[in-house]
Amino acid sequence: MQGVTLTVTQLNDYVRRSLASDPILQQITLRGEISNFKMYSSGHWYFTLKDEQSHIDCALFRQYTYGVRFRPQDGMKVLVSGSAGLYVQGGKYQFYADGMQQDGMGELYQRFLALKEKLTREGLFDAARKRPLPLLPRKIGIVTSASGAVLHDIRTVAGRRFPGIPLVLRPAQVQGDGAARDIANGIRQVSAVSGVDVIIVGRGGGSMEDLWAFNEEIVARAVAACPVPVISAVGHETDTTLCDYAADMRAPTPSAAAELAVPEREKLLAGIEELQQRGLRAARAETMRSAQALQDLLLRLQACQPLHHVRQMAQQAAFLQQRLREAGRNQLQMLAQRTDALCGKLYAVGPRQALARGYVIALKRGLPVTGVGQAEGELSLLFQDGEARVRVLDSKEGDPFGRKEGKEL
Amino acid sequence: MAAKKEKSFEERLLALEALVKDMEAGGQPLAETLKAYEQGEKLAESLKKELAAAEERLTVLRGEDA
């Protein structure tokens, strides 16, 4: 026994990882013929892909089956994309597919890619070229088959959203020889109809060959050159044609295209009525503002009336008069009080008080005698109740109360 | 292409919107507000007239080579 010892699982897992680490094996397009095709109830597809010498088991899981646009059958030549890997439990090497297309379509598909590349470089699909759709088209141009469900769906949706919106159909052959030319001419013709300001180009679902006309250069160019916006609704959502790329708007279905092209009448009406209401409110508000301003001016004008002025002056005068009177009264009262006070004081310092207490005023020739030196000859003595004439007999200087000078009483 | 002079539905709707916004902002003389209101009503009526229901009109062109 030589080398490492592994369990079966370890070996299978090791091989699985070896395969998974090879980048080439992770992204392969495999060419071969289908045999033993089985569709399981789980939705997964299992089949064998073979060529002259070899075969390989393949699995295509459900999530990828939606991208396959045909029903695979034994014997079909196909191109399958995916990765090679190992199914660990069975120890089986197999191919995990994630896409499938019919071989032979390959050439057509290459043409599609090449044309798409060319037109992209030209700028035909630039986002900047896309025009907005009109809010309310005057007429809607339709380029599609006159007999298909597309026209029916568009008419139904348009009639529901905006009863009476004018539709202009340019019936066109949408598959087979000459279809591309007919569609391109149809776009030109319907866009020339006066009033048509949006166009729907449509076709129901089908195989890649069925939709092929919409991948032709003349159609893509007609759409791009169309003077009015074009809505493209070709095939199912998963199919994208050059017509879709060139269009101003792409719709997943014809009904959706009609919804894009046709506004809801009721919504538009409601919007306009709301604007009308707002306009009315604004006009009313402005009128009321003006009326209010007028009212204010009237009040101010009234305030300026001359009669009012005179009244105001009279009131002012009366008020002043009142103040004057009060001021006069106060002044008189104050003067009377001061007079009274002065009289009291005068009385207090006057001679009568002294006379009442026994003092006598001596006058000589009408002048008061204030010193003993003046006391000689005849004097008049004033008493509180009369006057006496006396003659001075003798006089002597000194304190009449016999106290020495300088001593305090 | 739209005919000259005749304004599209959208243009008229935008004009009506602008008019109402101006009026709501206020500040214009009363006479102008009233004029704007009158103009707005005319626009609104023309827009509503355009929306008036009619019978579906489906014209079918003859497919001829252009």
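Data block above holds the structure.
Being a predicted model, the structure only gives us computed values, none of them experimental. (Residues numbered from 1 in each chain as written. Chains lettered and ligands numbered in written order. Predicted model: local features only at pLDDT ≥ 70, side-chain atom pairs only at ≥ 80, totals over all residues.)

Novice: Sorry if this is basic, but what is going on with the overall build of chain B here?
Specialist: If you tally the helices and strands in chain B, you get 2 helices and 1 strand. Ordered by position from N to C terminus, the α and β elements of chain B give α-α-β. Sorting the 66 residues of chain B into buried and exposed places 18% on the buried side. (Helix = DSSP H or I, 4+ residues; strand = E, 2+ residues; numbered from the N terminus. Buried ≥ 20, exposed ≤ 12 C-beta atoms within 10 Å, placed from the backbone.)

Novice: Got a minute to help me understand the sheet that holds strand 13 (residues 378–383) of chain A in this structure?
Specialist: Backbone hydrogen bonds are what pair the strands of a sheet, in a parallel or an antiparallel way. Strand order in this open sheet of 4 strands is 12-11-13-14 (chain A), and the pairing throughout is antiparallel. Of all strands in the sheet, those bounded by a partner on one side alone are strand 12 (367–368) and strand 14 (386–391) of chain A. (Pairing = 2+ DSSP bridges.)

Novice: Sorry if this is basic, but what is going on with the pairing of strand 8 (residues 196–203) of chain A here?
Specialist: Residues in a regular strand point their side chains to alternate faces of the sheet. Residue and element names in this part refer to chain A. Taken across its 8 residues, strand 8 has 8 buried, putting it largely inside the fold. Pairing between strand 6 (residues 139–144) and strand 8: 5 bridges, direction parallel. Paired with Ile142 across the two strands is Ile200, which belongs to strand 8. Looking at chain direction, strand 8 and strand 9 (residues 230–234) are connected through 5 bridges and run parallel. The residue bridging Val201 from the neighbouring strand is Ser232, located in strand 9. Read as a crossover between parallel neighbours, the route from strand 8 over helix 7 (residues 217–225) to strand 9 is right-handed. (Right-handed = clockwise from strand over helix to strand, strands pointing away.)

Novice: I keep staring at the interface of chain A and chain B and nothing clicks. Help me out?
Specialist: It is common to give the size of an interface as the accessible area that goes away when the parts come together. Contacts between chain A and chain B engage 34 residues on the former and 35 residues on the latter. Of all the secondary structure elements, the ones that give two or more residues to the side of chain A that touches chain B are strand 7 (167–171), helix 6 (179–191) and helix 10 (265–303) of chain A. If one sorts the elements of the side of chain A that touches chain B by residue count, helix 10 of chain A sits on top with 13 residues. In this structure, strand 7 of chain A lies alongside strand 1 (residues 58–60) of chain B, joined through 3 bridges in parallel fashion. Bridge pairing in strand 1 of chain B places Leu167 of chain A opposite Leu58 of chain B. (Contact = placed C-beta atoms within 7 Å.)

Novice: Even after reading the chapter, I still don't get the sheet that holds strand 5 (residues 92–102) of chain A, so can you show me in this structure?
Specialist: Residues and elements named next belong to chain A. One closed barrel holds the 5 strands; their spatial order is 1-2-3-5-4, and the pairing between them is mixed. Strand-to-strand twist across the sheet, computed as the mean angle between neighbouring axes with direction ignored, equals 55°. When strand 2 (residues 45–50) meets strand 3 (residues 55–60), the two strands line up antiparallel, connected through 6 bridges. Considered in strand 3, the bridge of Leu49 is made with Ile56. (Axes fitted to C-alpha atoms, helices over the stretch in contact; angles between N-to-C directions.)

Novice: Which parts of the structure should I look at to understand the packing of helix 5 (residues 149–161) of chain A against helix 9 (residues 254–261) of chain A?
Specialist: Residues and elements named next belong to chain A. Closest axis-to-axis distance for the helix 5/helix 9 pair is 8 Å, and the angle between their directions is 35°. Crossing of helix 5 over helix 9 shows right-handed handedness. Residues Val150, Asp153, Ile154, Val157, Ala158 and Arg161 of helix 5 touch helix 9, and the partners they reach there are Pro254, Ser255, Ala257, Ala258 and Glu259. Its residues assigned to classes, the contact of helix 5 with helix 9 shows 7 nonpolar, 1 polar and 3 charged. (Left-handed = near helix turned anticlockwise from the far one by under 90°. Nonpolar A, V, L, I, M, F, W, Y, C, P; charged D, E, K, R; others polar.)

Novice: Sorry, what's going on with the pairing of strand 1 (residues 28–39) of chain A here?
Specialist: Residue and element names in this part refer to chain A. Across 6 bridges, strand 1 lies against strand 4 (residues 77–87) in antiparallel orientation. When the sheet's bridge partners are listed, Arg31 is paired in strand 4 with Leu79. As defined by bridge partners, strand 1 adjoins strand 2 across 5 bridges and the pair is classed as antiparallel. Across the sheet, the residue bridging to Met39 is Trp45, located in strand 2. Connecting the antiparallel pair strand 1 and strand 2 is a turn made up of 5 residues, with Gly43 showing a positive phi of about 100°.

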